Amino acid sequence: QVQLVESGGGLVRAGGSLRLSCAASRSIFSVNSMGWYRQAPGKQRELVATITSNGRTNYVDSVKGRFTISRDNAKNTVYLQINSLKPEDTAVYYCRVTTSLNSDYWGQGTQVTVSS
C-alpha cells in the first residue's frame, strides 16, 4: 500500500519561502503525473502545479514565477518550492500521484499559513 507523506508546511511571513516535500512510501509503478493542490477554508480544492512523467510542468496562473515543482525519482519524492509567498497562498497543500494504470494517491495535506 502506497502512502504519500507530506512535510515542510508552516507559518511564514509574506515574501518568505517554503519547500514542501511529498515522499512516497515505496516506488510507484508507471507514474503518469505528480501534482500539488491546495484548499483554502471555504474554497474548492485547486490544482497548483503538475509535473508529468516526461518532466513537463504546468502551473496555475496565480503562482507562475513563484512556485516550482520538481521531483527526485531516486527518493520517490516530489517537491514544491514556493517563493514570494502571499497571504492568499494560505491553504492546506496536498500532493497527488496518478499512474497510467488509473491509480490515484493523495497525501494527508500540510498547512501553509502566510502572515501579512
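Now for a look at the structure at hand. Owing to the predicted nature of the structure, the values given are computational and were not obtained by experimental measurement. (Residues numbered from 1 in each chain as written. Predicted model: local features only at pLDDT ≥ 70, side-chain atom pairs only at ≥ 80, totals over all residues. Heavy atoms only, no water.)

**Structural notes on the sheet that holds strand E8 (residues 77–82)**
Then step 1. Spatially, 4 strands are ordered E1-E3-E8-E7 in an open sheet, and the strand pairing comes out antiparallel. Strands at the two margins of the open sheet, each flanked by one partner only, are strand E1 (4–7) and strand E7 (67–72). Between one strand axis and the next, the sheet turns through 15° on average, direction left out of account. (Pairing = 2+ DSSP bridges. Helix = DSSP H or I, 4+ residues; strand = E, 2+ residues; numbered from the N terminus. Axes fitted to C-alpha atoms, helices over the stretch in contact; angles between N-to-C directions.)

**Some points on the side chain of Arg-66**
Then step 1. Locating Arg-66 in the fold gives a position in the loop between strand E6 (57–59) and E7.
Then step 2. A polar contact of 2.9 Å, which involves the side chain of Arg-66, links it to the backbone oxygen of Ser-62.
Then step 3. Setting aside residues up to four positions removed in sequence, Arg-66 forms contacts with Gln-81, Ile-82, Asn-83, Ser-84, Leu-85, Lys-86 and Asp-89. (Polar contact = N/O pair within 3.5 Å; in protein donor to acceptor, adjacent residues only side chain to side chain. Contact = heavy atoms within 4.5 Å.)

**Considerations on the side chain of Thr-52**
Then step 1. Relative to the helices and strands, Thr-52 is located in strand E5 (residues 46–52).
Then step 2. Take Thr-52: its relative accessible area is 15%, and that puts it in the buried class.
Then step 3. In terms of polar contacts, Thr-52 uses its side chain to reach the side chain of Asn-54, at 2.3 Å. (Buried < 20%, exposed > 50% of the residue type's maximum accessible area, 1.4 Å probe, protein only.)

**As for the state of the cysteines**
Then step 1. Taken as a whole and judged by the stated rule, the model has 1 disulfide.
Then step 2. For Cys-22, the disulfide goes to Cys-95, at an S-S distance of 1.9 Å. Here the S-S torsion is close to 55°, and the disulfide linking Cys-22 with Cys-95 is therefore right-handed. Note that Cys-22 is positioned in strand E3 (residues 18–24) and Cys-95 in strand E9 (residues 91–99), a separation of 73 residues in sequence. (Disulfide = S-S within 2.5 Å.)

**Structural notes on the packing of aromatic side chains**
Then step 1. Using the criterion set out here, one finds 1 aromatic pair in the structure.
Then step 2. Across from the ring centre of Tyr-94, 3.8 Å away, lies the NZ or CZ of Arg-45, which sits over that ring.
Then step 3. A cation sits over an aromatic face here: Arg-45 above Trp-106, 4.9 Å from the ring centre. (Phe/Tyr/Trp six-rings, centres within 6.5 Å; stacked < 30°, edge-to-face > 60°. Lys NZ or Arg CZ within 6 Å of the ring centre and 35° of its normal.)

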